Amino acid sequence: MVKKSVSTFQKLKDKGEKIAMLTAYDYSTAQILEKINIDGILVGDSLAQVVLGYENTYGVNLEEMLIFIKAVSRGAKNSFVIGDMPFMSYNISFEQGLENAGKMIKAGASAVKLEGCNDYIVNLVSRCVESGMPVLGHLGFTPQLLNTIGGYKIQGKSADTTEKILESALKLQDAGAFAVVLELMPAQSAEYITKNLKIPTIGIGAGAGCSGQIVVIDDILGKFTDFTPKFVKKYANLHDIIYNAADKYLSEVKEGIFPSEEQSFELNTEEREKLNAVK
Ligand code: KIV
């Protein structure tokens, strides 16, 4: 299998073929995503909520992210793995941002993702790219600004605000970002931005007009049930599958059904006789 790269994303957009991405946080899930030949895997800071149980993404730090990036990269050696830079791991200085982006690449990521677009972020994006670290931008609703935005609010709801998001996306494009995530915005706004960019857009809650889509894997598998955004389609109900299997295991242990002979190791006859003689 040929390892996917930044140019795979651009080629897919240029061909008009949709880009399909998912998040992953562990080795065995990454192995499955590699088997289906997914276009990109994001080790998202959404793991703060779906894996670590925090209320939002503020709680996860760089060291924790690195553990999950390493696990995913080991499971998906030929895939395009992107490490999501957590809150305050790139906001203090260019030195801090570059050093931490470098740690993600050393941990096995092929690229990093940064949220937002002020002058500092644009500059940081170009410095990362110049240093050989591809960057995925993230605009629209940016979870690391949750407290500033004041909730999970749809962005780009007017022509003016859509133009502003496009301006930001163009700045990220000029800085060398290879693609940009558009989160939580009307389909028409995301489509307009996509049409006016050369680089691909990856939508999440941003309709079908983006160059590709990403979703949190625990959401589409029906494993994370604290809340389900409107844009999530459930492809499985892992919550119920795990619940029922664990519940059955519980009963079988209590009733002495598990383990049976099939799951047990046996002593040979000679050793069994010796034990019986001791009795
Ligand atoms: O953290 C995350 O999972 C994200 C999304 C774009 C899926 O940023």
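Residues numbered from 1 in each chain as written. Predicted model: local features only at pLDDT ≥ 70, side-chain atom pairs only at ≥ 80, totals over all residues. Heavy atoms only, no water.

Taken as a whole, the largest pocket holds about 1000 Å³ of empty space. In the lining of the largest pocket, the residues fall into 30 nonpolar, eleven polar and eight charged. Empty space within the second largest pocket amounts to approximately 540 Å³. What lines the second largest pocket is a set of 24 residues, and nearest its centre among them are Gly116, Cys117, Gly140, Thr142 and Leu145. Looking at the lining of the second largest pocket, the elements that each hand over two or more residues are α6 (119–130), β5 (135–140) and α8 (159–175). Per-element accounting of the lining of the second largest pocket gives the leading share, four residues, to α8. (1 Å grid on protein atoms, 1.4 Å probe; cavity = no way out; pocket = protein on both sides within 12 Å on 5 of 7 lines; lining within 4 Å. Points joined across faces, edges and corners; volume = space filled by probe spheres on them. Nonpolar A, V, L, I, M, F, W, Y, C, P; charged D, E, K, R; others polar. Helix = DSSP H or I, 4+ residues; strand = E, 2+ residues; numbered from the N terminus.)

A few words on the nonpolar core. One finds Ile41, Val43, Met104, Val125, Leu182 and Ile193 to be the most contacted residues of the largest nonpolar core, which totals 57 residues. If you tally residues by element for this core, the top one is helix α4 (residues 62–75), at six residues. Excluding anything up to four places from it in sequence, Met104 contacts Leu62, Met65, Leu66, Ile69, Gly83, Asp84, Met85, Pro86, Ala109 and Val112. Counting residues in each nonpolar core, the second largest holds 15 residues, with Ile19, Leu42, Phe80 and Leu136 among its members. (Core = buried A, V, L, I, M, F, W, Y, C linked by side-chain atoms within 4.5 Å. Buried < 20%, exposed > 50% of the residue type's maximum accessible area, 1.4 Å probe, protein only. Contact = heavy atoms within 4.5 Å.)

A word on the pairing of strand β1 (residues 19–23). A large share of β1 lies buried, amounting to four of its five residues. Pairing of β1 with strand β8 (residues 212–215), which is carried by four bridges, proceeds in the parallel orientation. Looking across to β8, one finds that Ile19 is bridged to Gly212. Relative to strand β2 (residues 40–43), β1 runs parallel, the two being bridged by three bridges. Considered in β2, the bridge of Thr23 is made with Leu42. Regarding topology, helix α2 (residues 27–35) serves as the crossover connection from β1 to the parallel β2, and that connection is right-handed. (Pairing = 2+ DSSP bridges. Right-handed = clockwise from strand over helix to strand, strands pointing away.)

Taken as a whole and judged by the stated rule, the model has seven salt bridges. Note that Asp39 is salt-bridged to Lys4, the shortest N-O span being 3.2 Å. One end of the pair, Asp39, is in the loop between α2 and β2; the other, Lys4, is in the segment before α1 (6–15), and 35 residues separate them in sequence. Side by side, Asp39 and Lys4 carry an identical accessibility label, which is buried. With a closest N to O distance of 3.7 Å, Glu252 and Lys248 form a salt bridge. (Salt bridge = Lys/Arg side-chain N within 4 Å of Asp/Glu carboxyl O.)

Every residue lining the ligand is accounted for by Thr23, Leu42, Gly44, Asp45, Ser46, Asp84, Lys113, His138, Val181, Ile204 and Val216. Here Asp45 contributes a side-chain N or O atom positioned 2.9 Å from an oxygen atom of the ligand. Contact with the protein chains covers 96% of the free accessible surface of the ligand, which is 260 Å². In a pocket analysis with a 2 Å cut-off to the grid points, the ligand is assigned to the largest pocket. Tallied by class, residues from the shell around the ligand come to four nonpolar, four polar and three charged. (Near = heavy atom within 4 Å. Polar contact = N/O pair within 3.5 Å; in protein donor to acceptor, adjacent residues only side chain to side chain. Areas by Shrake-Rupley, 256 points an atom, 1.4 Å probe, with all protein chains shown as cover. Sits in = over half its atoms within 2 Å of the grid points.)

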